[in-house]
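# Structural overview for review
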Amino acid sequence: MLKIKNSQIKSSLLLLLASLVWGLAFVAQSVAGGNVGTFTFNGIRFIIGGCCLLPFLKGHNIAPSKIPFNKLIGGIICGLALFLASTFQQGGIALGADAGEAGFLTACYIVLVPILGLVIGKKCSALVWPAVGIALFGLYLLCIPARGSGLRVSTADLALLACAFMFSIQILCVDHYAKVMSPVALACVQFFVSGAVSLVAAFIYEFLPDPSAWVSSLSMPLSWVSILYTGIFSCAVGYTLQAVGQRDLPPALASLIMSLESVFSSIFGWLILHQTMTGREVLGCVLIFTAVILAQIPRKGDVSDLT
């Protein structure tokens, strides 16, 4: 029992660190978002993330060309899910969704993960369900302003809901394949797959229509600061921590912890971009932290479901 508890605490801390890294990435993405195209930005940062992990594969005596196909397919599936989720997220913002609405709709994966998990036979602690409700309400307070808080179903909203769905798929795929494949190899393969598909789309939809504008967008130093941070830390570090951390946690609990990236993005926005937080937003942060703690308290009879 103690061994299980310690492994879960370690995994929770790894996912918490990943959420912190991703929260800071929102600042970097906001800096580059207005300059670099969605496919170009995602393609370059994912390729950088994959390259950063290659030395670690060699350190574990794992040759990328010698990864068995039955395991390689796991990284390919995760990579395609990551590509679609990232594309839908940026697409929704480009279609006019504001940051708060985008953050709230994207974070709906905390509801979708346990629901989809039940469909494929995953179990979770009974306390996860009230925790999901509390976290969702906390995310609403954090991301949606008091004025004009109603959500209208627009094309942008549908894109962001598709993003939340694909992130749910990606989380469940990582949960499955991280148990049968090296987490570093899994993260590396999914980055190269997502990056390659993104760059193909970038060539067709962003480079060919206006090559000079495409080159100009990549000539700005701030764009490369953002690309390098998201490539090295958000991708190489963050998603590897996700692959390692999810090995000893059920996907529903993992998604709750990873939703803390919304809290960290607000904190870093306040510290770096000098954005203020209202009392409503602070309450939202508190509720999300409360939900994460609640979801980790095992009830009698639920211990087997947490492993």
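Since this is a predicted model, take the numbers as computed values, not measurements.

### Points about the overall build of the chain
Each helix and strand in the chain was counted, giving 13 helices and 0 strands. Per-residue burial for the chain yields a buried fraction of 49% across its 307 residues. Counting only carbon and sulfur atoms, one obtains 71% of the accessible surface of the chain, whose full area is about 14100 Å².

### Observations concerning the environment of A32
Mapped onto the elements of the fold, A32 is located in helix α1 (residues 2–33). Distance in space between the C-alpha atoms of A32 and L222 is 7.0 Å, their sequence separation being 190 residues. Setting aside chain neighbours within four positions, we find A32 in contact with F41, S223 and S226.

### Some details on the packing of aromatic side chains
Scanning the entire structure with this criterion turns up 9 aromatic pairs. Plain terms: the ring middles of W22 and Y239 are 4.9 Å apart, the flat faces sit at 50° to each other, and that makes the pair tilted. Taken together, the residues span a long stretch of sequence, with W22 in helix α1 and Y239 in helix α10 (residues 221–245) at a distance of 217 residues. Looking at W22, the relative accessible area reads 7%, which means it is buried. For Y239, a relative accessible area of 8% corresponds to the buried category. Geometrically, the ring pair formed by F39 and Y205 is tilted, given 6.1 Å between the ring centres and 35° between the ring planes. Of this pair, F39 sits in helix α2 (residues 38–59) while Y205 sits in helix α8 (residues 183–207), and the two are 166 residues apart along the sequence. The exposure class assigned to F39 is buried, which follows from its relative accessible area of 17%.

What counts, and where the lines are drawn
Residues numbered from 1 in each chain as written. Predicted model: local features only at pLDDT ≥ 70, side-chain atom pairs only at ≥ 80, totals over all residues. Heavy atoms only, no water. Helix = DSSP H or I, 4+ residues; strand = E, 2+ residues; numbered from the N terminus. Buried < 20%, exposed > 50% of the residue type's maximum accessible area, 1.4 Å probe, protein only. Areas by Shrake-Rupley, 256 points an atom, 1.4 Å probe, with all protein chains shown as cover. Contact = heavy atoms within 4.5 Å. Phe/Tyr/Trp six-rings, centres within 6.5 Å; stacked < 30°, edge-to-face > 60°.

Any link to function would need more than the numbers given here.
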